[in-house]
Every structure is written in C-alpha cells, then in structure tokens.
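Architecture at a glance
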Amino acid sequence: MEINLGVRISENETEIQWNSNQNKIAIFHTPDQKVNIETSELYFLFQDNQLVAIGQSTLPTEKVTFNKIIKIVSPWDIELGYLEQLFIRDAKENGIELANIPEVETKIPVSSEKTITEYKDEILLILERFGYHLKPQEEPKKAKAKPAKARHKWTKEVSQIEFFIDTRESKATALWHKRNEMLIKAGATMMAEPPLNKDGSLGFSAKMGQRIREDHKDKVKNFVTTEDIILKSVNEVGLFLYFGGTNSWLELIDENGKTINEWTVVD
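One structure accompanies this document, and this report is about it. (Residues numbered from 1 in each chain as written. Predicted model: local features only at pLDDT ≥ 70, side-chain atom pairs only at ≥ 80, totals over all residues. Heavy atoms only, no water.)

Right, let's talk about the nonpolar core for a bit. Considering soluble globular proteins, one finds that nonpolar side chains tend to be buried as a cluster. Counting residues in each nonpolar core, the largest one holds 31 residues, and the members touching the most others are Ile 25, Phe 44, Leu 51, Ile 54, Ile 70, Phe 87 and Ile 123. Among the secondary structure elements, those contributing two or more residues to this core are β2 (13–18), β3 (20–28), β4 (41–47), β5 (50–56), β6 (68–73), α1 (80–93) and α2 (110–129). It is α1 that provides the largest number of residues to this core, a total of seven residues. Each residue touching Ile 54, except ones within four places of it in the same chain, is listed here: Leu 42, Tyr 43, Phe 44, Glu 84, Phe 87, Ile 88, Ala 91 and Leu 98. One finds Ile 165, Ile 184, Ile 229 and Leu 252 within the second-largest nonpolar core, a separate group that totals 27 residues. (Core = buried A, V, L, I, M, F, W, Y, C linked by side-chain atoms within 4.5 Å. Buried < 20%, exposed > 50% of the residue type's maximum accessible area, 1.4 Å probe, protein only. Helix = DSSP H or I, 4+ residues; strand = E, 2+ residues; numbered from the N terminus. Contact = heavy atoms within 4.5 Å.)

Here you go:
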C-alpha cells in the first residue's frame, strides 16, 4: 500500500490529508474538550498514545482521561457508523478496553464491508506511521545480557603444576607449561568413539576433536598417546581427549582438588 500525504503542523495540531481534501486526519496535541467534532467526523481519544475511546459527532460526556484527540474526516460515500464499528471491532480483538462502546453493534452489509475495511486500513497505516497504534503497545523486551566469558591468566607458578583429567572415558596428566601451549603427557587414555547427535550425525565438538586427533595420529596407538602432545588451549585438550561436551576448565584438577579454573581465572 502506498499513500501520498500532505501534512500541516502547527503548535497544537497536526493535519494530514491524502488522496483528496475529503480525506483528513487532525491530531490535537492538547486535551481540549472544546475541539469541534462534526456529525460527519469520527474521533479517537488517546492517553499517552494508548487508545481509550472511539466515537463520532460528540465527545463523551462521562469522565474519560485523555491527552490527545484525533478526528477523521471521511468522504461522503464512507458510512461513518460502519467505519466506527470496524475500528471498535479491531480494538476489542486486540484486547483494548474502550469507554462509551455502543451497546448494540452496527451490522455492516457485506456489500460495504470491503470498501470500508480498505479505508480503515489506510487510516491505520497513517496513524501507525505517526506513532498512534490501535492495539496495546508492549514494552520492548530487554535482551538478557550474556554472561561475560571467563578470562584466565597464565603464570610461571601455574606452569609447574600437574593437572589430572579423569572424565568421559579419558585419563591424562596435563600442564599449562607455556602461555600458548598445553602439554599432555604420554600415556594419556582417550575416549574411543565420539558421541553422536540424536540423528546419528557428528556434532561440531566431535568434528573438531577428530580434526585435532588427525593432526597427532602418529603419536597415538589404540587411543593411548605414545608421546607428549602439545596443544594450544585447555579447550583443545578437552576436544582431543574426550570430544569436549563439558567445561574443561573444571575437569583439569591438581593433586589437592583445585581446578585449573580456580588457579587462573581473572575476576
């Protein structure tokens, strides 16, 4: 849908025209009961951009709190009662509680409903582009902040500590012996077969583990390492030995039960 608009803005009113001078929306930015509503005009009352009432001809006499009035001037061939009924129906379907709803619904003839609906949709589009919605506006959900990834610091003290691994069918001794190197001592037992996804396929961690194993296959026999193996990180150690699937920073434990995470994590 494409609509060409003419807009006039003053201190207290925004006037929008489209297609012809017979189509007009007037937005009054102050709550003024003296705004003149003609018999051929429909009005919406908003409180802080929330729709609270729909009507025609005269503003409600009972107490309705609002701070904006929007009135619609429609061409002669648009039956105002039918248009009002469609807007009220939309509001009800969207869960909006309106003041002064007519007790008896106006029955819209099938022959008129298509034309009235198309006209109503034009008005809705224009109002929505100007920030007025005929349905409840939910507060945007704030995205949950992702927990910051833990940082770990290598030290010379840590480089001298042996950490033991005994998890997921694997056993090994490892040292974080250099800043960018993890050493797995010869004689480490590796998990024989990678775990599969429910559909029988290999997951990302399993594929990564197989790739690392392929790089060091000359130092492995029957899933036992025959030489010391150098890897780049704690995570690579986990992928190589047991295809990951757990937090390896908690799986490397010294002789006193202290994890490599406790030794190295930075608060």
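As a further point, take the pattern of salt bridges. Under the definition given, this model contains ten salt bridges. With a shortest N-O distance of 3.2 Å, Glu 15 and Arg 8 are connected by a salt bridge. Residue class for Glu 15 comes out buried when judged on its relative accessible area of 15%. According to the relative accessible area criterion, Arg 8 is partly exposed, its value standing at 40%. A salt bridge links Lys 217 to Glu 214; the nearest nitrogen and oxygen atoms lie 2.8 Å apart. Residue Lys 217 is classed as exposed on the basis of its relative accessible area, which comes to 54%. (Salt bridge = Lys/Arg side-chain N within 4 Å of Asp/Glu carboxyl O.)

Before going further, it helps to spend a moment on the sheet that holds strand β13 (residues 229–231). Ordered in space as β8-β9-β10-β13, the four strands form an open sheet in which the pairing is antiparallel. In this open sheet, the two edge strands, each paired with only one partner strand, are β8 (163–167) and β13. Between one strand axis and the next, the sheet turns by 30° as a mean value, whatever way the strands run. The pairing of β8 with strand β9 (residues 170–178) spans five bridges and is classified as antiparallel. Looking across to β9, one finds that Phe 164 is bridged to Thr 173. Sheet strands in contact with helix α5 (residues 234–242) are β8, β9, β10 (181–184) and β13, and its direction is about 30° off that of β10. (Pairing = 2+ DSSP bridges. Axes fitted to C-alpha atoms, helices over the stretch in contact; angles between N-to-C directions.)

A few words on the packing of helix α4 (residues 204–215) against α5. Across the interface, α4 lies against α5 with an axial gap of 8 Å and an inter-helix angle of 90°. The pairing of α4 with α5 is recorded here as roughly perpendicular in orientation. Where α4 abuts α5, its residues Ser 205, Met 208, Gly 209, Ile 212 and Arg 213 lie against Glu 236, Leu 239, Phe 240, Leu 241 and Tyr 242. (Parallel < 35°, antiparallel > 145°, perpendicular 65-115°, else oblique.)

A separate point is the side chain of Asn 23. Position of Asn 23 among the secondary structure elements: in strand β3. For Asn 23, a relative accessible area of 6% translates into the label buried. A distance of 3.3 Å separates the side chain of Asn 23 from the backbone oxygen of Trp 18, its partner in a polar contact. In this structure the side chain of Asn 23 is engaged in a polar contact, spanning 3.0 Å, whose partner is the side chain of Tyr 119. Each residue touching Asn 23, except ones within four places of it in the same chain, is listed here: Ile 16, Gln 17, Trp 18, Val 73, Pro 75 and Tyr 119. (Polar contact = N/O pair within 3.5 Å; in protein donor to acceptor, adjacent residues only side chain to side chain.)

A volume near 180 Å³ is recorded for the largest pocket. Around the largest pocket, the lining residues are Lys 149, Ala 150, Arg 151, His 152, Asn 235, Asn 247, Trp 249 and Asn 261. Of the residues in the lining of the largest pocket, the class split is two nonpolar, four polar and two charged. (1 Å grid on protein atoms, 1.4 Å probe; cavity = no way out; pocket = protein on both sides within 12 Å on 5 of 7 lines; lining within 4 Å. Points joined across faces, edges and corners; volume = space filled by probe spheres on them. Nonpolar A, V, L, I, M, F, W, Y, C, P; charged D, E, K, R; others polar.)

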